Amino acid sequence: MKKLPSATTHRIIKLAVSFVSVIIISTICFIIPLRPTVSETEKRELAKFPEFSFQALMSGDYFSDISTWFSDTMPFRDSLMNLNSKMQNFLGTSGVLAGFNEGAQGDVIPDSPTPGETLPEGETATESETNEPETFAPEEITYPADKGEAQHVEQLSSIVICDNAGFEYYNFVQSTADNYVKALNTAGTKFSSQANVFATVVPTSTDITLNEKVRAKLSVSDQKQAIDYMLGSATAVKTFNCFNNIKQHRDEYVYFRTDHHWTALAAYYAYETFCQAKGITPLPLSAYEVWSFEGFLGTFYNDSGKDPALGNTPDRVDAYKPPCQYSMTITDKYGNTTSMPMLYDETNAPASYKYGTFICGDNPLSTITNESLTDGEACLVVKESFGNAFVPFLVYHYKTVYVIDYRHYTSSLSSFLSTHTVNDILFVNNVSMTRNSSLVSDLASFIAG
Amino acid sequence: MVFSSLFFLFAFLPANLLCYFCCKTVKTRNIILLLFSLVFYAFGEPVYVAILVLMALFCWLFSRLIDTSRTPNEKKLWLAAAVAVCIGAIGYFKYIGFAVESFNALIGKDLIPVPQVTLPIGISFYTFQLLTYVIDVYRGDVPSQKSYWKVLLYASLFHQCIAGPIVRYGDIENELTERHENLAEMSQGLTRFASGLAKKAILANGCGAVADTLLLTDAAIGNGALLADNIAAITSRSALALWAGMAFYMLQIYLDFSSYSDMAIGMGLMLGFHYKENFNYPYTAYSVTDFWRRWHMSLSTFFRDYVYIPLGGNRKGKVRQVFNLFAVWGLTGLWHGASWNFVLWGLYFFVLLILEKFIFGKYLEKVKPVGRIYLLVTVFFGWVLFKFTDFTILGTVLKGMFGLNGNPASTYEATSFISGYVFFFIICCVACTPVVKTAKKLLIKFGKTNRPVNITYRVLDIALPLVLILLASISLVGDSYNPFLYFQF
């Protein structure tokens, strides 16, 4: 039998293995072109090498920024972070912990709508009469049952993973919801003379597709009740509550499992409710050509520290092409306009980008023109990212669809309307937005300004 | 800079080792070490590095003066001067704000504006190191160091300057002038460093994230403006979440602190420095007395040798002994932070130590399993005192642990969240015991007669340090990762 190496040889091998490896890694670290500048998975620019200043040097920021730059732009960082997620998953720890939802049950949702702001005299009557709060009629609605028992539930701070799908927590915040309603009512009062003002609040998957037994255990607010309350209180606008129509299709592919957005299919059901409110006939789903993008891994996937249960079953993004000719231009925050496809080809896009197919993601202002119509109405959709999947369904019915993302649009609604004529204004917000005070105040100042 | 950062691992440390081993004489190696140490310190504190340099200068000067003094009184004078400089510096930088706040609170009005002084990193460690040096010179235990640079190197050596262990000058006096690395110790040091790094980056950071999630982050606790939010958050927590959060905090604080000592000791060994052990599996102790023989040993022996014994120790009667212990534990508490909760934490141990010394310590020693449970429970509540610097939050946490905030015993969120961490919790608990060390000893023992065991041991010995360094590095990538809000894209 061969003799094992002597203690000295063994130690030399041991030290050499580690030191040589570390030196190799160090060398790779200093090959600057290997350092990434943006992170695809996190959708952000990575730290830059700090600029030298005497002040930064003295405060210690200069050195700590170098250290941040070094680790933030590590070569192959996204792959390494992927590995890290795998390791954390193996250990049971999640890489990302944003907060713990226990006890944050939210405020009690009032049983009946409040009239909201007292409107200036003379302006209330006509508006509120045209808009009966339909949502509060006693109703017996049955929704499709769960497809089976939940096998595995995992709590991850602000999201919960049930089998292979993520779900976002929602907690009703009375004051923010009231400010949201107030903003809608202000829009209704200010602009009803110029256009029909519609509004809807889109639920998230937690109250639609999540297994009912698991849902019952979570400390979250009831979204239906919250949406009923908010839309019921928004008496100065025409509301279309899409909750029931989406939930009646909960056994279909209405929400992504790896992302917090709804699918275009759910948006179609919301569009059906909108058509009902507007009094037009919706196009049947079969009228659209479906364009599918496989391999979508969205926010829940990244926020769960790349949970393998989600990673192994990526989503599919279906985009519905309206049966007409259309074109789109987007206006960036500097006022430059670019022509872009309304539905973007995401076939080869990174896994986390694919929801961006709808109107090319979030832009301050997008203008979609229906080339098949020579004449027709115009509408304006005010939205955050949930609205993106909804907009393509409107294109068939309008000559022009303007889309404003109030988070990025720098001007105000009234200044937009002073230069553009629209027949309808649609507020499409998701329920999580209505508890986020900074977004609600963004929307309010967009409307009030 | 911290050891558990990619910049340290793949830029600073390799550069340091390469430069170090390219030099052949101790003198040039010391120069390299000193330069790297000053850069290391300046990375965190570009201005305060001056304090470190000055403190070392004063202590060097006074120690020389002590050595050349002819009369005992003269010696005493220089010692007093050195102690005044050290205590004065730490007193000003660490405690002045706290002292003024406490004074204002005592007289009931804001008589003196509270000075805003930033705490220089590591001041509690390096001033104590310098104190041991000057006092040992005074006592005649070590000769004074002729070279200022060596005193500065001793105080600033990046291995231990920032987070200990508190290395006594006498322990490395010879090694400052004459030291030899050897393969056995280098290999030992490498393993020690790698395991410390992994312990910090994977286990301690993981525990910290869980504890922060279940309780509150230290940043939140320290922010007085968030007091109402903090209280609201804690009040609504279930008892289970609070207990589990504290258990993870208890693991974190040991794993974090001891891993820094592991890395320091390991790096020292690679260069031929022998720092004393700082932790000896404290959570396996069977009494508080035993615990403090195993926890942060360099600090407890400092207080023993430089406070307790000079005050008379146990040689001046029981009353005096109790007072001496009181002084030691009040100071130990205060050393950990300028806040009353740390003093309370120290005195909590004082009371337990007194009780053990005079009443039930002998029983704990006889029935060690009971003693171990008792120790874990008492230390657990010690950490509650330690974690919450604000007494209102502290009270709310303690009440909440017994469901006295009207909070539930458990919730679905708590059970499902915590159940995801059971495996991780077990790994961390194992890391607090000598299981791995024992396994290694057994492998070596049976390897002597059994070839496959020997081969297994050798492969592990070679591969593990690198594997641990790689795993730790992976877990440090994306350290800057901030979970984004859903709406920002």
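The shown structure was predicted, so the numbers you read here are calculated from the model rather than taken from an experiment. Residue numbers here run from 1 along each chain, matching the order of that chain's written sequence. Labels follow written order: the first chain is A, the first ligand is 1, and so on. This being a predicted model, a pLDDT of at least 70 is required before a residue's local features are given, and a value of 80 or more before pairs of side-chain atoms are given or counted; all residues contribute to the totals for chains, interfaces and linings. Side-chain numbers here rest on the full set of heavy atoms in the structure, without hydrogens or water.

Concerning the pairing of strand β11 (residues 337-340) of chain A
Regular strands show a simple pattern: their side chains alternate between the two faces of the sheet.
Residue and element names in this part refer to chain A.
And step 1. At least two DSSP bridges between two strands are required for those strands to pair. Helix and strand definitions here come from DSSP, where helices need a minimum of 4 consecutive H or I residues and strands a minimum of 2 consecutive E residues; each element is numbered from the N-terminal end. Of the pairings in the sheet, the one linking strand β10 (residues 326-331) to β11 comprises four bridges and is antiparallel in character. Of the residues in β11, the one forming a bridge with Thr331 is Thr337.
And step 2. Counted between consecutive antiparallel strands, the loop separating β10 from β11 contains five residues, among which Gly335 sits at a positive phi close to 90 degrees.

Observations concerning the domain arrangement of chain A
And step 1. An automatic or database domain assignment is the source of the domain bounds shown. Taken domain by domain, chain A comprises domain 1 (57-93) and domain 2 (124-448).
And step 2. For domain 1 of chain A and domain 2 of chain A, the distance between their C-alpha centres works out to 35 Å.

Observations concerning the sheet that holds strand β15 (residues 424-430) of chain A
Residue and element names in this part refer to chain A.
And step 1. Strand order across the open sheet formed by eight strands is β7-β6-β15-β13-β14-β12-β10-β11, with mixed pairing between neighbours. On the outer flanks of this sheet lie β7 (238-239) and β11, each paired with one strand and no other.
And step 2. Taken together, the two bridges between strand β6 (residues 196-202) and β7 define a ladder with parallel strand orientation. Its bridge partner lying in β7, Phe198 is registered against Lys238.
And step 3. Throughout, a contact is declared for two residues whenever any of their heavy atoms are within 4.5 Å. Geometry is summarised by axes, namely lines fitted to C-alpha atoms with helices restricted to the contacting stretch, and by angles between N-to-C directions that run from 0 to 180 degrees. Helix α6 (residues 174-191) rests against β6 and β15 of the sheet, and its axis sits at about 165 degrees to β6.

Quick look at the pattern of salt bridges
And step 1. A side-chain nitrogen of Lys or Arg and a carboxyl oxygen of Asp or Glu constitute a salt bridge if their distance falls within 4 Å. On inspection of all chains with the given rule, the structure shows 28 salt bridges over all chains.
And step 2. A salt bridge links Glu212 of chain A to Lys247 of chain A; the shortest N-O distance between them is 3.6 Å. A residue pair is termed long-range when its members are at least 10 positions apart, and Glu212 of chain A in helix α7 (residues 212-217) and Lys247 of chain A in helix α9 (residues 243-247) qualify at 35 residues.
And step 3. Residues Arg29 of chain B and Glu181 of chain B are paired through a salt bridge, measuring 2.9 Å at the closest nitrogen-oxygen approach. Of this pair, Arg29 of chain B sits in helix α2 (residues 26-44) while Glu181 of chain B is found in the loop between α7 (169-177) and α8 (183-214), placing the two residues 152 residues apart along the sequence.
And step 4. Partly exposed describes any residue whose relative accessible area lies between the buried limit of under 20% and the exposed limit of over 50%, with all areas from a 1.4 Å probe on protein chains only and scaled to the type maximum. For Glu181 of chain B, a relative accessible area of 26% corresponds to the partly exposed category.

Some words on the environment of Ala42 of chain B
And step 1. Counting through the fold element by element, Ala42 of chain B comes out in helix α2.
And step 2. Ala42 of chain B sits 279 residues away from Gln321 of chain B along the chain, and the two C-alpha atoms are 43 Å apart.

A word on the packing of aromatic side chains
And step 1. In summary, the pairing rule links any two rings of Phe, Tyr or Trp, Trp by its six-membered ring, whose centres are within 6.5 Å, and it sorts them by plane angle into stacked for under 30 degrees, edge-to-face for over 60 and tilted for everything else. Inspection of the entire model under this criterion finds 87 aromatic pairs over all chains.
And step 2. A centroid spacing of 4.2 Å and a plane angle of 25 degrees characterise the contact between Phe128 of chain B and Phe302 of chain B, whose relative ring orientation is stacked. Of this pair, Phe128 of chain B sits in helix α5 (residues 123-139) while Phe302 of chain B sits in helix α13 (residues 297-308); the two residues are 174 residues apart in sequence, bridging distant segments of the chain. Assigned by exposure class, Phe128 of chain B and Phe302 of chain B land together as buried.
And step 3. If you follow Arg35 of chain A out to its NZ or CZ, it ends over the ring of Phe70 of chain A, 4.5 Å from the centre.
And step 4. A positively charged side chain is recorded as over a ring if its NZ (Lys) or CZ (Arg) lies within 6 Å of the ring centre. The angle to the ring normal must also be within 35 degrees. One residue, Lys321 of chain A, lies across the ring of Trp291 of chain A, its end atom 4.4 Å from the ring centre.

Description of the domain arrangement of chain B
Residues and elements named next belong to chain B.
And step 1. Partitioning chain B into structural domains gives domain 1 (6-179) and domain 2 (186-275 + 403-476).
And step 2. Centre-to-centre, using C-alpha coordinates, domain 1 lies 30 Å away from domain 2.
And step 3. Counting residues at the interface gives 23 residues for domain 1 and 17 residues for domain 2.
And step 4. For any pair of parts, buried area is found by adding up, for both, the accessible area (1.4 Å probe) each one loses once the two are put together. Summing both sides of the interface, domain 1 and domain 2 together bury roughly 1,700 Å²; the carbon and sulfur share of this comes to 79%.
And step 5. Looking at the side of domain 1 facing domain 2, the largest losses of area belong to Leu9, His159 and Glu175, adding up to 30% of the total buried there.
And step 6. The tally of links between domain 1 and domain 2 comes to zero salt bridges.
And step 7. The biggest single contributor to the side of domain 1 that touches domain 2 is helix α1 (residues 6-22), with eight residues.
And step 8. Any residue that is not Ala, Val, Leu, Ile, Met, Phe, Trp, Tyr, Cys, Pro, Asp, Glu, Lys or Arg is counted as polar, Gly included; the first ten are nonpolar and the last four charged. Looking at side-chain class alone, the side of domain 1 that touches domain 2 contains 17 nonpolar, three polar and three charged residues.

A look at the interface of chain A and chain B
And step 1. In this assembly, 79 residues from chain A lie in contact with 63 residues from chain B.
And step 2. Of the roughly 6,500 Å² buried where chain A meets chain B, counting both sides, 70% is carbon and sulfur surface.
And step 3. Across the chain A-chain B interface, the total number found is one salt bridge.
And step 4. Residue Asp461 of chain B is joined to Lys14 of chain A by a salt bridge in which the shortest nitrogen-to-oxygen separation is 3.1 Å.
And step 5. Under this definition, polar contacts are N or O atom pairs within 3.5 Å; protein pairs additionally need one hydrogen-donor-capable and one acceptor-capable atom, and for neighbouring residues in sequence, both atoms have to be side-chain atoms. If you look at where chain A meets chain B, you find six residue pairs in polar contact (both at pLDDT 80 or more).

A word on unusual backbone geometry
And step 1. A positive phi angle, close to 55 degrees, is found at Asp163 of chain A, a residue other than glycine.
And step 2. Judged by its relative accessible area of 25%, Asp163 of chain A is partly exposed.
And step 3. Look at His296 of chain B: it is not a glycine, yet its phi comes out positive at around 40 degrees.
And step 4. When you line up the elements, His296 of chain B lands in the loop between α12 (288-294) and α13.
And step 5. Relative accessible area serves as the criterion here: at 1%, His296 of chain B is assigned to the buried category.

A closer look at the side chain of Ser156 of chain B
All names here are of chain B.
And step 1. Take Ser156: it is sitting in helix α6 (residues 148-156).
And step 2. Residue Ser156 is classed as buried on the basis of its relative accessible area, which comes to 1%.
And step 3. Setting aside residues no more than four positions away along its own chain, Ser156 makes contact with Leu34, Ser37, Leu38, Leu52 and Cys161.

With respect to the pairing of strand β5 (residues 165-168) of chain A
Residue and element names in this part refer to chain A.
And step 1. Of the two faces of β5, the one lined by Ala165 and Phe167 and the one lined by Gly166 and Glu168 are each fully buried.
And step 2. As judged from the four bridges shared by strand β4 (residues 159-162) and β5, these two strands associate in the antiparallel manner. Within β5, the position partnered with Cys162 by the bridge is Ala165.
And step 3. Two successive antiparallel strands, β4 and β5, enclose a turn made up of two residues, where Asp163 displays a positive phi of approximately 55 degrees.

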